Amino acid sequence: MRLTQLRSFYAVARMGSFTRAAEHLHVSQPTITTQVRFLEESYNVELFYRRGRRVQLTGMGEQLMQLAQQIFSLEADAVHLLGDAGELRSGHLRVAAVGPYHVTKLLVDFNQHYPGIKVSVSTGNSQDVLDRLLDYRADVGVLAQLVHDDRFLSVPFSKHPVVICTSSTHRFARRRSIRMADLQGERFILREQGSTTRKAMEQALDEASIKPEVVMEIGSREVIREAVAQGIGIAAVSLVEYVPGPGLHMVKISDAEIHTYAHVLCLAERREMRMVSAFFDTIVPTPESKKAAASR
């Protein structure tokens, strides 16, 4: 049985005649008649009682009508679902990010444009984000670094200065800014290897020939924050990730340009997918981030 044959039967049952069914489906009456006759002859059943130009369902026809109603109701639901998804009135976007700080504004902008789209966010390190994109557990990713891999397409959208986080009892706590030379010999708490903030800070220290004393390596922003508050050492953080709190103080570095850059990326093969494309369309990169990314 083909769906066109069932559709012809369904139209005749609803309209009460072959003529009206043909008009409804915009086909010829012989086509409708042939489709219904094929069903009856193929399965050796009678679906309609013919009463002149009018028809009436048989007992078997009524049972088939109930099933046909379910089938075409589901078909209508499927068309509605796909239509809504194509026009982004509904759907689900999965975002993987290295942290909530970089992605929040993007989510707000996307939600304002597409309020019907459900968005879920998972967080992890850079490799977690890339892995989620590669195995299709995420549609778009947000990283604090540029990925040099042809499998991905990446767009820069923001630039963030790196600042120093200290305890409120540290000698820097009385200052708003410091110079690179002030960091000589300071006890430093570093992020894990691969952290973009760590890379940016280490590069700046190396260029200034500054050698701090590294006392800890910690992979958690929250644990670093607590360790700094307890006076164990100071830490370099991206300004967008700095959370003020009791026992903490933030100072800027006045004589060095130290920044991290946030990028949105996706699998190159999925760039033109409707929802992925819509997310990229809502991104408004800052002029600074565009210029910085072009020079890297």
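See the structure shown above.
Thresholds, definitions, all that
- Residues numbered from 1 in each chain as written.
- Predicted model: local features only at pLDDT ≥ 70, side-chain atom pairs only at ≥ 80, totals over all residues.
- Heavy atoms only, no water.
- Axes fitted to C-alpha atoms, helices over the stretch in contact; angles between N-to-C directions.
- Helix = DSSP H or I, 4+ residues; strand = E, 2+ residues; numbered from the N terminus.
- Parallel < 35°, antiparallel > 145°, perpendicular 65-115°, else oblique.
- Left-handed = near helix turned anticlockwise from the far one by under 90°.
- Contact = heavy atoms within 4.5 Å.
- Nonpolar A, V, L, I, M, F, W, Y, C, P; charged D, E, K, R; others polar.
- Salt bridge = Lys/Arg side-chain N within 4 Å of Asp/Glu carboxyl O.
- Buried < 20%, exposed > 50% of the residue type's maximum accessible area, 1.4 Å probe, protein only.
- Pairing = 2+ DSSP bridges.
- Core = buried A, V, L, I, M, F, W, Y, C linked by side-chain atoms within 4.5 Å.
- Phe/Tyr/Trp six-rings, centres within 6.5 Å; stacked < 30°, edge-to-face > 60°.
- Lys NZ or Arg CZ within 6 Å of the ring centre and 35° of its normal.

Colleague: I would appreciate a short explanation of the packing of helix H5 (residues 100–113) against helix H9 (residues 274–281) in the present structure.
Modeller: Each pair of packed helices gets described by two things: the angle between the helix axes and the distance between those axes. Where H5 meets H9, the axes come as close as 9 Å, and the angle between the chain directions of the two elements is 115°. In terms of their interaxial angle, H5 and H9 are classed as roughly perpendicular. In this structure, the crossing between H5 and H9 has a hand that is right-handed. Touching Leu106, Leu107 and Phe110 of H5 are Met275, Ala278 and Phe279, all from H9. Partitioned by chemical class, the residues of the contact of H5 with H9 number six nonpolar, no polar and no charged.

Colleague: Sorry if this is basic, but what is going on with the pattern of salt bridges here?
Modeller: Note on pairing: side chains with opposite charge can pair once their charged atoms come close. Per the stated rule, a full pass over the model turns up 16 salt bridges. Ionic pairing is found between Glu241 and Arg221, a salt bridge with its closest N-O pair at 3.1 Å. Pair noted here: Glu241 is in the loop between strand E10 (235–238) and strand E11 (248–253) and Arg221 is in helix H8 (residues 221–229), with a separation of 20 residues, a long-range link. On the basis of relative accessibility, which here comes to 11%, the residue Glu241 falls in the buried class. The structure contains a network of salt bridges with shared partners spanning Arg94, Asp139 and Arg270.

Colleague: Mind showing me how you'd approach the pairing of E11 here?
Modeller: Sheet faces and side chains relate simply in a regular strand, where the side chains alternate between the two faces. Bridge analysis of strand E6 (residues 152–167) against E11 gives four bridges, and the strand direction is antiparallel. What sits directly across from Ser167, in E11, is Leu248. In this sheet, E11 lies alongside strand E7 (residues 177–178) in parallel orientation, the contact comprising two bridges. Bridge pairing links Ser177 to Lys252 in E11.

Colleague: Where do I start with the nonpolar core in this structure?
Modeller: Soluble globular proteins: nonpolar side chains tend toward being buried together. Core analysis: the biggest nonpolar cluster contains 21 residues, and Phe110, Val142 and Val264 have the highest contact counts within it. With five residues, the top contributor of residues to this core is H9. In contact with Phe110, not counting residues within four places along its chain, are Leu93, Ile117, Val119, Met275, Ala278, Phe279 and Thr282. Core analysis: the second largest hydrophobic core is formed by 20 residues, Val36, Leu39, Leu47 and Leu57 among them.

Colleague: Which parts of the structure should I look at to understand the packing of helix H1 (residues 3–15) against helix H3 (residues 29–43)?
Modeller: The N-to-C vectors of H1 and H3 enclose an angle of 105°; their axes lie 8 Å apart at closest approach. Considering the angle they form, H1 stands roughly perpendicular to H3. In contact with Thr4, Gln5, Leu6, Ser8, Phe9 and Val12 of H1, H3 contributes Ile32, Gln35, Val36, Phe38 and Leu39. Among the residues forming the contact of H1 with H3, the class breakdown is seven nonpolar, four polar and no charged.

Colleague: How should the packing of aromatic side chains be read in this particular structure?
Modeller: Between two aromatic rings, the relevant description is the distance of the centres plus the angle of the planes. Scanning the model with the defined rule gives five aromatic pairs in all. Their ring planes at 45° and their centres at 5.3 Å tell us that Phe9 and Phe48 sit as a pair that is tilted. Taken together, the positions of Phe9 in helix H1 and Phe48 in strand E1 (residues 48–51) put the pair 39 residues apart, joining distant regions of the chain. Comparing Phe9 with Phe48 shows no difference in burial state: the two are buried. Across the ring face of Phe280, the terminal group of Arg271 is positioned such that the distance to the ring centre comes to 4.4 Å.

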